[in-house]
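The primary structure of each chain is shown beneath.
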Amino acid sequence: MPVITCIDDLKRLHKRRTPKMFYDYAESGSYTEQTFRENTTDFAQIRLNQKVAVDLTGRSTAGPMLGENRAMPVALAPVGLTGMQRADGEIKAAKAAEKFGVPYTLSTMSVCSIEDVAEHTSAPFWFQIYTLTDDDYNRRVLERARAAGCSALVITVDLQLLGQRHKDLKNGLTTPPKLTPAVLADLATKWRWGLEMLQTKRRFFGNIVGHVEMEGDTSSLAAWTAAKFDQRLDWDRIKHLMDMWGGKVILKGILNPEDAELAAATGADAIVVSNHGGRQLDGALSSLRVLPSIVQAVGNKTEVWMDSGIRSGQDVLKALALGAKGVMIGRAYIHGLGAMGEPGVTRALEVIQKELDTTMALCGETTPAALGRHNLLVPKDFFDSYS
Ligand code: GLV
């Protein structure tokens, strides 16, 4: 096994071992990728405040998410097409998360279905929903998630339509890939991916194909979203969906205090400050930059989490110190999956946990709950340089 010291090591292997169209799908933002880039460069601008001569024994990275104690307050975010990064990718990621003790979220746009993941895991996972114009499908998919024992519903509120990712168009992204000469040439160097893919039957959008009427191309995410995603999804419809579900709900994709107030007013158990990893509104601020204003607005009404830009335990610490009660990671674990399958996801989680633990200790803290603004050094005007 190669020596993996950080998420970037996994990213390099992911790139080497995975077909270009799927690596690019994960490692893209929309349009100019300004927001995608700033999600990570903004984390780098915040510095840490060392504190010495503290008793560091008895440390723990554990913390609650939705009232349940986890190995660390870090959940695996829903990521479309995970099962194209590696055969049966959603099952592998869910198994790694379960063994590690953190929540896994299955995307509507996954390759393995809700039932596939339920069959191969025993801990309840979370289900992320994109609502389609077909209300009957929405009702049935919620029933399927309930039957599979999903313990929370993640409603993504920032993707009624897809922000354009240039690379996906240039690569002709489809699930499964169409075997054009360019794709075949790429696959020639990704033989392990191809062999594993030949051995699985899971190569389509497992939650959708066979569950909904669809003429035309069922393999293209862009075609799907354009044709079928429900652009009517407003707060009333979100509330209706929450009532239909009747269980715990996380609203993901909030970027300002006004929307956060509306989200909290629905009674959501948690909200995720997120710009969808820079994949939707290019030009939006990084999640990190808007996080404190949202914590201030609704932090006493609902659990505030964040995602977008987290690639290390240091990043997790910064988000928690700014008031997030938990975070979600997407690319960080997808790089692990594309690099090494299930052990790669485990390695990604280990790396982040070790970084969080060491960094917390060097900041003089022994639990995530103790983290706060005092642990950070933030450039003047960082949070109010835009209005
Ligand atoms: C889907 O959620 C995507 O960002 O591609």
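Below you will find a few notes about this structure. (Residues numbered from 1 in each chain as written. Predicted model: local features only at pLDDT ≥ 70, side-chain atom pairs only at ≥ 80, totals over all residues. Heavy atoms only, no water.)

## Looking at the overall build of the chain
- When helices and strands are tallied, the chain shows 17 helices and 12 strands.
- For 387 residues, the compact-globule formula gives about 21 Å, and the C-alpha radius of gyration of the chain, at 20 Å, lands near that figure.
- Taken over the C-alpha atoms alone, the chain extends approximately 60 × 50 × 40 Å along its principal axes.
- Taken across its 387 residues, the chain has 57% of its residues classed as buried. (Helix = DSSP H or I, 4+ residues; strand = E, 2+ residues; numbered from the N terminus. Rg over C-alpha atoms; globule rule 2.2 N^0.38 Å. Buried < 20%, exposed > 50% of the residue type's maximum accessible area, 1.4 Å probe, protein only.)

## Focus: the packing of aromatic side chains
- A complete count under the given rule lists four aromatic pairs for this structure.
- Pairing Trp126 with Trp305 gives two aromatic rings, centres 5.6 Å apart and planes at 15 degrees, and the pair type is stacked. Taken together, the residues span a long stretch of sequence, with Trp126 in strand β6 (residues 126-129) and Trp305 in strand β10 (residues 303-306) at a distance of 179 residues.
- Trp126 sits in the buried class, given a relative accessible area of 2%.
- For Trp305, a relative accessible area of 0% corresponds to the buried category.
- Between the aromatic rings of Phe382 and Phe383, the centroid separation amounts to 5.0 Å while the plane-to-plane angle is 85 degrees, which identifies the pairing as edge-to-face.
- The exposure class assigned to Phe382 is buried, which follows from its relative accessible area of 3%. (Phe/Tyr/Trp six-rings, centres within 6.5 Å; stacked < 30°, edge-to-face > 60°.)

## Considerations on the side chain of Asp168
- Its location among the elements puts Asp168 in helix α8 (residues 166-171).
- The buried charged residue Asp168 lacks any salt bridge, with Arg165 as its nearest oppositely charged partner at 4.5 Å.
- Apart from the residues within four sequence positions on either side, Asp168 is in contact with Asp24, Tyr25 and Leu173. (Lys, Arg positive; Asp, Glu negative; His and termini not counted. Salt bridge = Lys/Arg side-chain N within 4 Å of Asp/Glu carboxyl O. Contact = heavy atoms within 4.5 Å.)

## Digging into the pattern of salt bridges
- Per the stated rule, a full pass over the model turns up 24 salt bridges.
- Asp243 is paired through a salt bridge with Lys239; the nearest N and O atoms lie 3.3 Å apart. Of the two residues, Asp243 and Lys239 are both situated in helix α12 (residues 235-245); the distance of four residues between them amounts to about one turn of the helix.
- Judged by relative accessible area, Asp243 falls into the exposed class, the value being 52%.
- Since its relative accessible area comes to 33%, Lys239 is described here as partly exposed.
- Of the charged contacts, one joins Glu350 and Arg347 as a salt bridge, the two residues approaching to 2.9 Å between their closest N and O atoms. In this pair, Glu350 and Arg347 both sit in helix α17 (residues 342-362), three residues apart, roughly one turn of the helix.
- Overall, Arg347 belongs to the partly exposed group, its relative accessible area being 24%.
- In this structure, a network of salt bridges that share partners links the residues Asp135, Asp230, Arg232 and Arg237.

## A short note on helix α14 (residues 287-298)
- A rise of 1.5 Å per residue sets the reference length of α14, with its 12 residues, at 16 Å; its end C-alpha atoms lie 15 Å apart and thus fit the reference within 8%.
- Every buried residue of α14 is accounted for by Ser287, Leu288, Arg289, Val290, Leu291, Ile294, Ala297 and Val298.
- Elements that come into contact with the buried residues of α14 comprise α3 (34-45), β8 (249-254), α13 (257-265), β9 (270-273), β10 and α15 (313-321). (Expected span 1.5 Å × (residues − 1).)

## Structural notes on the sheet that holds strand β4 (residues 74-76)
- An order of β4-β11-β10-β9-β8-β7-β6-β5 is seen for the eight strands of this open sheet, with the pairing classed as parallel. Edge positions in the sheet fall to β4 and β5 (105-106), since each of these pairs with one other strand and no more. (Pairing = 2+ DSSP bridges.)

## Topic: the site of the ligand
- Around the ligand, a shell composed of Tyr25, Tyr130, Leu159, Arg165, Leu221, His276 and Arg279 is seen.
- The side chain of Tyr25 places a nitrogen or oxygen atom 2.6 Å from an oxygen atom of the ligand.
- One nitrogen or oxygen atom from the side chain of Tyr130 is found 2.5 Å from an oxygen atom belonging to the ligand.
- Looking at the shell around the ligand, its residues break down into four nonpolar, one polar and two charged. (Near = heavy atom within 4 Å. Polar contact = N/O pair within 3.5 Å; in protein donor to acceptor, adjacent residues only side chain to side chain. Nonpolar A, V, L, I, M, F, W, Y, C, P; charged D, E, K, R; others polar.)

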